[in-house]
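# Structural description and commentary
Residues per chain, in single letters:
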2 protein chains.
Amino acid sequence: FPNTYGMPLIQFVESNETANFPAVNVGVILSGGQAPGGHNVISGLFDGIKKLNKDSKLYGFILGPGGLINHHYTELTSNIINEYRNTGGFDIIGSGRTKLETTEQFEKGYEILKKLNIKALVIIGGDDSNTNACVLAEYYVAKKQGIQIIGCPKTIDGDLKNEMIETSFGFDTACKVYSEVIGNIQRDCNSARKYWHFIKLMGRSASHIALECALQTQPNICIISEEVEAKNMSLNDVVTYIAQAVANRSAKGNNFGTILIPEGLVEFIPAMKRLIAELNDFLVANANEFAAIDKENQQEYIISKLSKENADIYASLPKGVARQLTLDRDPHGNVQVSLIMLEVNSV
Amino acid sequence: FPNTYGMPLIQFVESNETANFPAVNVGVILSGGQAPGGHNVISGLFDGIKKLNKDSKLYGFILGPGGLINHHYTELTSNIINEYRNTGGFDIIGSGRTKLETTEQFEKGYEILKKLNIKALVIIGGDDSNTNACVLAEYYVAKKQGIQIIGCPKTIDGDLKNEMIETSFGFDTACKVYSEVIGNIQRDCNSARKYWHFIKLMGRSASHIALECALQTQPNICIISEEVEAKNMSLNDVVTYIAQAVANRSAKGNNFGTILIPEGLVEFIPAMKRLIAELNDFLVANANEFAAIDKENQQEYIISKLSKENADIYASLPKGVARQLTLDRDPHGNVQVSLIMLEVNSV
């Protein structure tokens, strides 16, 4: 980002002077999953630009970045804003996940921004959306099109964090809502005193949610994927660790408890990561051949094609889980670990 | 219940007189699933008997009706009570589901009640627990053992209701918690504007929770099992009704919405009810023969054994659902419909 990286920081300072600012038109886009702070960021924007000049206007692009490209927008008037203040959700203008990456998209966006005389566009979203924002900003600066692009950090993952961002909204809500539910389960656990509860939490690429919820709710066990990776634990090590803790509590007569597990755990286990990587590469390269294999023989086929180490791990998995590792790949060809269903046996 | 049915009602009236009551010992049992009101019922009992006479004592039986039979109890002192006031859960003395039905159980209970000089036993629970309470009361009255048994209505199902019980605790909490979650899903639905959410709610034998949640959250569709039964709808009718509503919204460009479905729906559909009844009878009578059938041939085997009408319905079900109707029976030999998993296809 030669044109936008390293730009000076703005600092807000209090002042008693009332300055006269020219009216400014601003656009706003909601991107990705909803979080309660979204409507209030938009209300804050509205109040801010109206305070500068009552003729300022705020435009919302409908259903995410797609609204910018498709010229689908609405002016956010005080009537609309006042209906949504302090309400959760992203429904004021809807959200979307369109990636901004082509020159054609940038130019279509510029067309409508210019038409509406928008000088600043605020994109509220996570790491992907802020990457969109950076790419767009770089493009408009390079072309000297005179439009500021401003990213607002919202993410459930808790991975947008630096000295200026203590925590992102979304993450905060997720941890509080999860912790309330976990607390209810723990109450149930202590009331019935006969079940172990395994609670899967969001967090494919980072265990921040599991960690924060563990700090809030103090479960009996919390697995942190990054620790598992750092200690080079195998799937067997993780299972043994859990089984040992269950056995220790059982020895004291406590056959119940709660365990938090981040959904991305399996991808952090180094041996599983190597297996999944080889599977991903193999299945992308041999998609047609694999599709022709009879369902009953898929496991054997995979085992015959993998390296020895990975074949052994694959063979050790429960059949249902093993099969799911070969299905449902995302657009990048990766297995979607968060969709893997467990084997459920009725009690 | 010749000895206990139709006894006179007690009415509480205000009075300024302070009467001197003798000390009384009271026992309390928590039964079934937790609900936030449980600890407060116990606190209220404690405050009440202490107000009558400070030497009164409250004993809690541990882990449900089993605690009475096994003589497992604790005196609930003000220290303990004060720690649990206004907290949710049943963890103050734990809960359980032991049925009280044999003379031996009644006598074991009587032994400990007599030893602790308990004159009244309060059982907090749902319809099963209140049946326990009635049976126990009848027994003690018949034997003139001088112990009152008092049932306190707590149920998530909302089916303990009469002119004296406006709503039971448990039901109230369930509806509020569910409605909050449904509300969050609706916000998400309106923000993303591209998903239909099918939300399964508790309620196997009654749709009270679904109805109350629908009144609180106004979903696009709510299926009420009792209506389906009264209108003699088939599974096909229910599916068509939902599909039509989805199509109607789609025609207006709204390809999203929320649908509430009570978990017991399938048992209320008259044709499915007949199928399940025949299956239950057949599988109980032919358990060994069925167990010997190869998994691949089970569906065909069942179809060949059922009456024409039921065989046709069974054949029309998705394979996975059909198989589950032949598995996982509860202790009464009934299929556990709430455990049936849907076929999930990734989007």
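These numbers were taken from a predicted model, which means no experiment stands behind them.

## Quick word on the overall build of chain A
- When helices and strands are counted, chain A shows 15 helices and 9 strands.
- Overall, the C-alpha framework of chain A stretches about 70 × 55 × 35 Å when taken along its three principal axes.
- If you take every contact in chain A between residues at least 6 apart in sequence, the share linking residues at least 24 apart comes to 71%.
- The positive charge centre, built from 32 side chains, and the negative charge centre, built from 39, are 3 Å apart in chain A.

## Looking at the interface of chain A and chain B
- Taken together, the contact pairs 24 residues of chain A with 23 residues of chain B.
- Between chain A and chain B, a total of about 1800 Å² is buried, with carbon and sulfur atoms accounting for 46% of that surface.
- Three residues stand out in chain A for area buried against chain B, namely R187, S191 and R193 of chain A, and they jointly supply 31% of the buried area on that side.
- Seen at the junction of chain A and chain B, the total is 2 salt bridges.

## Here we look at the domain arrangement of chain A
- When the domains of chain A are assigned, the result is domain 1 (25-153) and domain 2 (172-339).
- Put simply, the middle of domain 1 of chain A and the middle of domain 2 of chain A, counted by C-alpha atoms, are 37 Å apart.

## A closer look at helix α9 (residues 235-251) of chain B
- The first and last C-alpha atoms of α9 of chain B sit 24 Å apart over 17 residues, in line with the 24 Å expected at 1.5 Å per residue.
- Two residues or fewer past α9 of chain B, G253 of chain B is found with a positive phi of approximately 85°.

## Here's the deal with the packing of aromatic side chains
All names here are of chain A.
- For the coordinates displayed, the defined rule picks out 14 aromatic pairs over all chains.
- With 6.0 Å between their ring centres and 50° between their planes, Y110 and Y140 make a pair best called tilted. Here Y140 lies in helix α5 (residues 127-142) and Y110 lies in helix α4 (residues 103-115), a separation of 30 residues in the sequence.
- Ring pairing ties together the aromatic residues F106, Y110, Y139 and Y140, which thus form one cluster.
- Sitting over the ring of F256, R249 keeps its end group 4.9 Å from the ring centre.

## Concerning the pattern of salt bridges
- The final tally for this structure, using the stated rule, is 24 salt bridges over all chains.
- Residue D55 of chain B pairs with K54 of chain B through a salt bridge whose shortest N-O separation is 3.7 Å.

## A few points about a negative patch on the surface
- Where like charges cluster on the molecular surface, the negative patch consists of D294 and E296 of chain A together with D294 and E296 of chain B.
- With respect to the helices and strands, the residue E296 of chain A is situated in the loop between α12 (287-291) and α13 (298-305).
- A residue is classified by how much of its surface remains accessible, and E296 of chain A, at 60% relative accessible area, is exposed.

## Remarks on the UniProt feature "domain: Phosphofructokinase" (unreviewed entry) in chain A
- Feature annotation in UniProt places "domain: Phosphofructokinase" (unreviewed entry) on residues 25-267 of chain A, given in this structure's numbering.
- The annotated region residues 25-267 of chain A carries 47% helix and 19% strand content, and the separation between its end C-alpha atoms amounts to 45 Å.

Reading the values: rules and limits
- Residues numbered from 1 in each chain as written.
- Chains lettered and ligands numbered in written order.
- Predicted model: local features only at pLDDT ≥ 70, side-chain atom pairs only at ≥ 80, totals over all residues.
- Heavy atoms only, no water.
- Helix = DSSP H or I, 4+ residues; strand = E, 2+ residues; numbered from the N terminus.
- Contact = heavy atoms within 4.5 Å.
- Lys, Arg positive; Asp, Glu negative; His and termini not counted.
- Charge placed at Lys NZ, Arg CZ, Asp CG, Glu CD.
- Buried area = accessible area lost by both parts, 1.4 Å probe.
- Salt bridge = Lys/Arg side-chain N within 4 Å of Asp/Glu carboxyl O.
- Domains from an automatic or database assignment.
- Expected span 1.5 Å × (residues − 1).
- Phe/Tyr/Trp six-rings, centres within 6.5 Å; stacked < 30°, edge-to-face > 60°.
- Lys NZ or Arg CZ within 6 Å of the ring centre and 35° of its normal.
- Patch = residues over 30% accessible without salt bridge, like charges linked within 9 Å, V, L, I, M, F, W, Y side chains within 5 Å.
- Areas by Shrake-Rupley, 256 points an atom, 1.4 Å probe, with all protein chains shown as cover.
- Buried < 20%, exposed > 50% of the residue type's maximum accessible area, 1.4 Å probe, protein only.
- UniProt positions renumbered as here; feature names shortened; annotations may be inferred.

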